[in-house]
Amino acid sequence: MTGSDLPTVDTVILGATVLTSTTRPAPGYPDLPQEDKAARGTVTFLADHAIGIANGVISWVVPSASVPAAVLDAARERVDAVGMVAFPGLMNGHTHSPMTMFRGSAEDVSTHDWFSKYIWPMEVNLTDRDVYLGAKLAIGEMLLGGVTAFADHYFATEQIARAVEETGARALLASTFFSSEGAEGIGRSARFAEEWNGAAGGRITTAMGPHATYTVDDADLERTAAHAARLGIRTHIHAAESISQTESSLTKRGVTPVQVLHDTGILATGAIIAHGAGIVESDIEWLSPYADRVGVPVCSKVYMKHAHPTTPVRVLHDAGITVGIGTDGPASHNTLDMFESLRMMSLKQKDAALDATWLTSAHALDLATRQSAATFGLGDVLGAILPGYQADIVLLDPSGPHMQPMHDLAAALVLSARASDVRTVLVAGEVVVRDGKLTRFDVSEAIAELNARIPELTDRTKGTIQNYAP
Ligand SMILES: [Zn+2]
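What comes next is a walk through the structure. Predicted model, so just to flag it, every value in this text is computed and none were measured. (Residues numbered from 1 in each chain as written. Predicted model: local features only at pLDDT ≥ 70, side-chain atom pairs only at ≥ 80, totals over all residues. Heavy atoms only, no water.)

### So, helix H13 (residues 338–353)
Then, number 1: With 16 residues, H13 extends 22 Å between its outermost C-alpha atoms, agreeing within 8% with the 22 Å of an ideal straight helix rising 1.5 Å per residue.
Then, number 2: Those residues of H13 that sit buried are Met338, Phe339, Glu340, Ser341, Leu342, Met345, Ser346, Lys348 and Gln349.
Then, number 3: At the N-terminal end of H13, a side-chain oxygen is found 2.9 Å from the backbone nitrogen of Phe339, two or three residues along, and the residue is Asp337.
Then, number 4: Phi turns positive, to about 50°, at Leu354, one or two residues after H13. (Helix = DSSP H or I, 4+ residues; strand = E, 2+ residues; numbered from the N terminus. Expected span 1.5 Å × (residues − 1). Buried < 20%, exposed > 50% of the residue type's maximum accessible area, 1.4 Å probe, protein only. Polar contact = N/O pair within 3.5 Å; in protein donor to acceptor, adjacent residues only side chain to side chain.)

What follows is the structure, given as structure tokens:
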């Protein structure tokens, strides 16, 4: 499709170097000869290309010179992208966006104290307004850093949905519940999922949100799977967050957290398994049959910060299990910067495997794009710049001194690029960041109000919502 038969569109991005798509490398590829690059996965960049977008969907990707003047003239929006790199919007596979309000409030503490002494006693103080402002601030940070979609897991989820509607972002929202809440918790999660799935013109999708395998009992997990099957959605849950959680589950119950997900039917209906840092080799038996509907978002900075081993990405990769990338909440990750998360994942995997040839930048970009989209259950509409895919697109300026001279664009995106290099961001074809500025809203109100709320938010004398005892 070139020249005169190119359909007219409402938006044209012109002159970019376009990352169209990636391929997943073959299992066990570090064992292959060094020169067998093809087996390591590929990433395709097209120089000086144009992207046509109609009704929020990518219509064509062609050489810029082949776009007729009539098609350019008919476009309502023309984005000059000469010198820019265009790639699919980054997808934060696991976060708690409103926890921007607790950023930096629980530092240099163990996982136990982080939950039991700080976060859960502080979350007693939450108001709907806090959640709304926290989410709005988070979305501002994410959009400015090229993150177009996020899988969120939190309370007062209607407030997050409102923020998503207003800001133009895309999100997969799950309403968190504990079994300690009784029937109300799971009921609320299911009602939210049913009411909001497909909202905001399709930018909001939903998942069931049981907190974790150690805070939600097996009967509630079975009920969760039944709701997920009824609604045709996935379940987003914390499981095997660390090897000590897996060991504790084996000691107390004789099963791993992943086997619990299997036995309660959660895996069969599709799951986002947050962290999986405690996944062991024997868990592959439970995960493999559901490789087409299970994803594990990895949040490496948090594991390093809380001093525990990282997710066994190589084991998952060799078993064909999808791996995504997340930040976790900003109370533990401090930022919602997916370039940081991508880089830490890439380096931590090499470091943990003591193998510099493992997890190439091309592979890391596959995790950040196609596999992230698959983790959301949206692999056929997101994660690639190809005709028929949603126009969630980032334009990044690679001209900064930290990226030049340019030998290897994939390595530069994974190992050198910064969130502040992002210039323009589109979600569903709408420009939501232009020249480094948000187009629909600003975050100054949220920052001012949340800073004023710090004394009340950090009051830890009013009880707690849980106690950490995995
Ligand atoms: Zn989490």
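Additional details are given in the paragraphs that follow.
### Some thoughts on the pairing of strand E10 (residues 234–239)
Then, number 1: Across the 6 residues of E10, 6 count as buried, placing the element largely inside the fold.
Then, number 2: Here E10 shows a buried face lined by Arg234, His236 and His238 and a second buried face lined by Thr235, Ile237 and Ala239.
Then, number 3: Since strand E9 (residues 204–210) and E10 lie parallel, the crossover through helix H6 (residues 218–231) that links them has a hand, and here it is right-handed.
Then, number 4: As defined by bridge partners, E10 adjoins strand E11 (residues 271–275) across 5 bridges and the pair is classed as parallel. Paired with His238 across the bridge in E11 is Ala274. (Right-handed = clockwise from strand over helix to strand, strands pointing away. Pairing = 2+ DSSP bridges.)

### Digging into helix H3 (residues 128–144)
Then, number 1: With 17 residues, H3 ought to run about 24 Å at 1.5 Å a step, and its terminal C-alpha atoms sit 24 Å apart, in line with that.
Then, number 2: By the criterion of burial, H3 is predominantly enclosed, with 13 of the 17 residues buried.
Then, number 3: Following H3 by one or two positions, Gly146 adopts a phi angle in the positive range, close to 80°.

### Observations concerning the layout of surface pockets
Then, number 1: There is about 370 Å³ of room inside the largest pocket.
Then, number 2: Trp114, Phe115, His238, Glu241 and Asp328 are, among the 28 residues lining the largest pocket, the residues nearest its centre.
Then, number 3: Elements with a minimum of two residues in the lining of the largest pocket: helix H2 (111–123), strand E7 (147–154), helix H7 (243–253) and helix H10 (300–305).
Then, number 4: With 6 residues, H2 is the single largest residue contributor to the lining of the largest pocket.
Then, number 5: The residue inventory of the lining of the largest pocket, partitioned by class, reads 12 nonpolar, 13 polar and 3 charged. (1 Å grid on protein atoms, 1.4 Å probe; cavity = no way out; pocket = protein on both sides within 12 Å on 5 of 7 lines; lining within 4 Å. Points joined across faces, edges and corners; volume = space filled by probe spheres on them. Nonpolar A, V, L, I, M, F, W, Y, C, P; charged D, E, K, R; others polar.)

### Structural notes on the coordination of the zinc ion
Then, number 1: Distances from the zinc ion to its protein donors, namely His94 (NE2), His96 (NE2), His238 (NE2) and Asp328 (OD), fall within the range 2.1 to 2.5 Å.
Then, number 2: Each of the 4 donor atoms bound to the zinc ion contributes to angles spanning 82 to 177°, and the resulting shape is irregular.
Then, number 3: Within one chain, the residues serving as donors to the zinc ion are arranged as H-x1-H-x141-H-x89-D. Here Asp328 lies in the loop between strand E13 (322–325) and helix H12 (330–333) and His238 lies in strand E10, a separation of 90 residues in the sequence.
Then, number 4: A residue is classified by how much of its surface remains accessible, and His238, at 4% relative accessible area, is buried. (Donors = N, O, S within 2.8 Å, 3.2 Å for Na, K, Ca; no water. Tetrahedral: all angles 85-135°; square planar, octahedral: opposite > 155°, others 65-115°.)

### Here's the deal with the sheet that holds strand E6 (residues 90–95)
Then, number 1: One open sheet holds the 8 strands; their spatial order is E6-E7-E8-E9-E10-E11-E12-E13, and the pairing between them is parallel. Single-partner strands in this sheet number two, and they are E6 and E13. For this sheet, the mean inter-axis angle between neighbouring strands, taken without regard to orientation, is 25°.
Then, number 2: Pairing analysis gives 7 bridges linking strand E8 (residues 170–177) to E9, with the strands arranged parallel. Paired with Phe177 across the two strands is Pro210, which belongs to E9.
Then, number 3: Taken strand by strand, H3 contacts E6 and E7, and its axis lies near 150° from that of E7.
Then, number 4: Lying on the sheet, helix H5 (residues 183–196) is in contact with E8 and E9; it crosses E9 at an angle near 170°. (Axes fitted to C-alpha atoms, helices over the stretch in contact; angles between N-to-C directions. Contact = heavy atoms within 4.5 Å.)

### Structural notes on the packing of aromatic side chains
Then, number 1: This model, assessed by the stated rule, comprises 10 aromatic pairs.
Then, number 2: Pairing Trp120 with Phe178 gives two aromatic rings, centres 6.1 Å apart and planes at 90°, and the pair type is edge-to-face. Placement of the pair is Trp120 in helix H2 and Phe178 in the loop between E8 and H5, with a sequence separation of 58 residues.
Then, number 3: You can call Trp120 buried: its relative accessible area is 2%.
Then, number 4: One aromatic cluster is present, built from ring pairs that chain together Trp114, Phe115, Trp120, Tyr154, Phe155, Phe178, Tyr214 and Tyr468.
Then, number 5: Against the face of Tyr132 rests Arg162, its NZ or CZ located 3.9 Å from the ring centre.
Then, number 6: Lying over the aromatic face of Tyr118, Arg460 brings its terminal NZ or CZ to 4.2 Å of the ring centre. (Phe/Tyr/Trp six-rings, centres within 6.5 Å; stacked < 30°, edge-to-face > 60°. Lys NZ or Arg CZ within 6 Å of the ring centre and 35° of its normal.)

So yeah, pure geometry; function would need other evidence.
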